[in-house]
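# Architecture at a glance
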Amino acid sequence: MIENDVLAKFKEVFGDGGEIGVYFAPGRVNMIGEHTDYNGGHVFPCALTIGTYGAVRKRTDKKLRFYSMNFEKLGVLESSIEELKPEKEAEWTNYPKGVMWAFAEKGMKADCGLDLLLFGNIPNGSGLSSSASVEVLTGYILKDLFGFDVTNQDLALIGQFSERNFNGVNCGIMDQFAIAMGKEGHAIYLDTATLDYTYAPIELKDAKIVISCSNKKRGLGDSKYNERRSECETALAELQNVIKIAALGELTKEQFEAHKDAIKDEVRRKRAKHAVYENQRTIQAVNALKNNDVALFGKLMNESHVSLRDDYEVTGKELDTLVEKAWEIDGVIGSRMTGAGFGGCTVSIVKNDAVDTFIKEVGDAYKKEIGYEADFYVVEIGDGPKKLI
């Protein structure tokens, strides 16, 4: 069991003794509804059974000591609960430190330091939300160790607050929400404007969800993510001159087509079109699943990718290669990029008897085209954060 390995490594790095807890928070994949979460639209993510494990013990002083089994070369990184500020040399620890800072900002200050060891079996930089997984995990640990009165939904909002205000990525709520609120066998149909949500069962019967990781690394903070947000915000402001809306997600396709000329720039018009059409696709896709129409769900996934490629321009050669090769294979019900884009992953629904062929043929074609290998994960939908030991 992974948790036992994590516990053993904690004792090796930080010594035995005291009360050591081991916790888990999942990664997430978004089935459809990409770049809609900061445009007041709907998303449809699910938590995975892969994620981030953390072993932790309270200290008697104010010191923070961090160690990651994924970045062993960095060794133990030290900080203090009294000096929580983002620093380049703090590397990955800026994520847990950001959550501790956010808790303190909201009147919940930890009264002692911690030894914290992490291990993630989400590929780093893959777009399966390793950073949000670390944030929710840290929040869940703080809630449990210090008895802070917060719900899992609060943990999502605190994680988002820390990523925006501590780490400088102007992220939407989807990643943290999907991870904090995950439910086995279900995706979360979330209205990001109101945080109203329902769980929708994902019943694929004779098919599996396969994630293809491009292995092209990207960092959200330095990607075009913030640029896309500001293009959408400007487009929204232009539309507000002619129609009363608070977010692009409020528009139907027909309303958008009637008023799109208010957006003065062709590029911004394409960005806004994606936000509006993708939101409508997501609503349609969830209804398709309710009617057991997995084929329609797959078709909408394919359309989502085309829009992300042509209108939102966030796919890139690696993701396009993975998706376009997937579309050629019999037994692929639908395939699209997932996450912010510019590298990261695709998500595909593949019939059980085609999974091996899919992995081999897409993998071979990708290596030939891109020059290095992709990794493939046949995934299950899991629960939100929990204490394991």
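You'll find the structure just up there.
The present account deals with the structure reproduced in this document. Only a predicted model underlies this, so the values are computations on that prediction, with no experimental measurement involved.

## Describing the packing of helix α3 (residues 130-146) against helix α4 (residues 152-165)
For the pair α3 and α4, the least separation of the axes is 9 Å and the interaxial angle reads 125°. The angle between the axes of α3 and α4 places the two elements in the oblique class. In this structure, α3 crosses over α4, and the sense of that crossing is right-handed. Of the residues in α4, those touching α3 at Ser131, Glu135, Val136, Gly139, Tyr140 and Lys143 are Asn152, Leu155, Gly159, Ser162 and Glu163. Looking at the contact of α3 with α4, its residues break down into three nonpolar, five polar and three charged.

## Notes on helix α11 (residues 355-370)
Across its 16 residues, α11 extends 22 Å between first and last C-alpha, which sits within 8% of the 22 Å expected from 1.5 Å per residue. Listed in full, the buried residues belonging to α11 are Val355, Phe358, Val362, Gly363, Tyr366 and Ile370. All buried residues of α11 fall inside an arc of 110° around its axis, so they share one side. Facing away from the buried side of α11 by over 90 degrees, the exposed positions are Asp356, Lys360 and Lys368.

## Structural notes on the environment of threonine 321
Topologically, threonine 321 is positioned in helix α10 (residues 316-327). Along the backbone, threonine 321 and valine 169 are 152 residues apart, and their C-alpha atoms lie at a distance of 28 Å. Once you skip the residues sitting within four places of it in the chain, threonine 321 turns out to touch Tyr366, Glu369 and Ile370.

## Quick word on the side chain of threonine 52
Relative to the elements of secondary structure, threonine 52 occurs in strand β3 (residues 45-58). Relative accessible area serves as the criterion here: at 4%, threonine 52 is assigned to the buried category. A distance of 2.7 Å separates a polar atom in the side chain of threonine 52 from a polar atom in the side chain of serine 133.

## With respect to the packing of helix α8 (residues 266-290) against helix α9 (residues 294-310)
A pair of packed helices is characterised by two quantities: the angle between their axes and the separation of those axes. One way to put it is that α8 packs onto α9 with a least axis distance of 9 Å and a crossing angle of 170°. Considering their axes alone, α8 and α9 lie roughly antiparallel with respect to each other. From α8, Lys270, His274, Glu278, Arg281, Gln284, Ala285, Ala288 and Leu289 reach across to α9, where they touch Val294, Leu296, Phe297, Leu300, Glu303, Ser304, Ser307, Leu308 and Asp310. Class assignment of the residues belonging to the contact of α8 with α9 gives a composition of eight nonpolar, four polar and five charged.

## Quick word on the sheet that holds strand β11 (residues 345-351)
Pairing in this open sheet of four strands is antiparallel, and the strands run β10-β11-β9-β12 from one edge to the other. Each end of this open sheet is capped by a strand with a single partner; those strands are β10 (332-338) and β12 (375-379). In this sheet, adjacent strand axes meet at a mean angle of 20° when their direction is disregarded. Judged from the five bridges that link them, strand β9 (residues 207-213) and β12 form a sheet pairing that is antiparallel. Residue pairing for β12: valine 210 is matched across the bridge by valine 378. This element, α10, spans β9, β10 and β11 of the sheet and lies at about 175° to β10. Of the strands in this sheet, β9, β10, β11 and β12 touch α11, which is tilted by about 160° from β12.

## Comments concerning the environment of alanine 354
Mapped onto the fold, alanine 354 is located in the loop between β11 and α11. Sequence separation between alanine 354 and glycine 343 is eleven residues; the distance between their C-alpha atoms is 25 Å. Apart from residues lying up to four places away in sequence, alanine 354 is in contact with Asp330 and Gly331.

## Quick notes on the state of the cysteines
Applying the stated criterion across every chain, the model contains zero disulfides. The closest cysteine sulfur to the non-disulfide-bonded cysteine 171 is located on cysteine 232, 15 Å from its own sulfur. On the basis of relative accessible area, cysteine 171 is assigned to the buried category, the value being 7%.

## Notes on the sheet that holds strand β8 (residues 196-201)
Strand order in this open sheet of three strands is β2-β7-β8, and the pairing throughout is antiparallel. Taken across any chain shown, the strands that pair with only one partner, and hence form the sheet edges, are β2 (42-43) and β8. Where β2 lies against strand β7 (residues 186-191), two bridges are found, and the strand directions are antiparallel. In the strand pairing of β7, valine 43 is matched with leucine 190.

How each quantity is defined
- Residues numbered from 1 in each chain as written.
- Predicted model: local features only at pLDDT ≥ 70, side-chain atom pairs only at ≥ 80, totals over all residues.
- Heavy atoms only, no water.
- Axes fitted to C-alpha atoms, helices over the stretch in contact; angles between N-to-C directions.
- Helix = DSSP H or I, 4+ residues; strand = E, 2+ residues; numbered from the N terminus.
- Parallel < 35°, antiparallel > 145°, perpendicular 65-115°, else oblique.
- Left-handed = near helix turned anticlockwise from the far one by under 90°.
- Contact = heavy atoms within 4.5 Å.
- Nonpolar A, V, L, I, M, F, W, Y, C, P; charged D, E, K, R; others polar.
- Expected span 1.5 Å × (residues − 1).
- Buried < 20%, exposed > 50% of the residue type's maximum accessible area, 1.4 Å probe, protein only.
- Arc of directions from axis to C-beta.
- Polar contact = N/O pair within 3.5 Å; in protein donor to acceptor, adjacent residues only side chain to side chain.
- Pairing = 2+ DSSP bridges.
- Disulfide = S-S within 2.5 Å.

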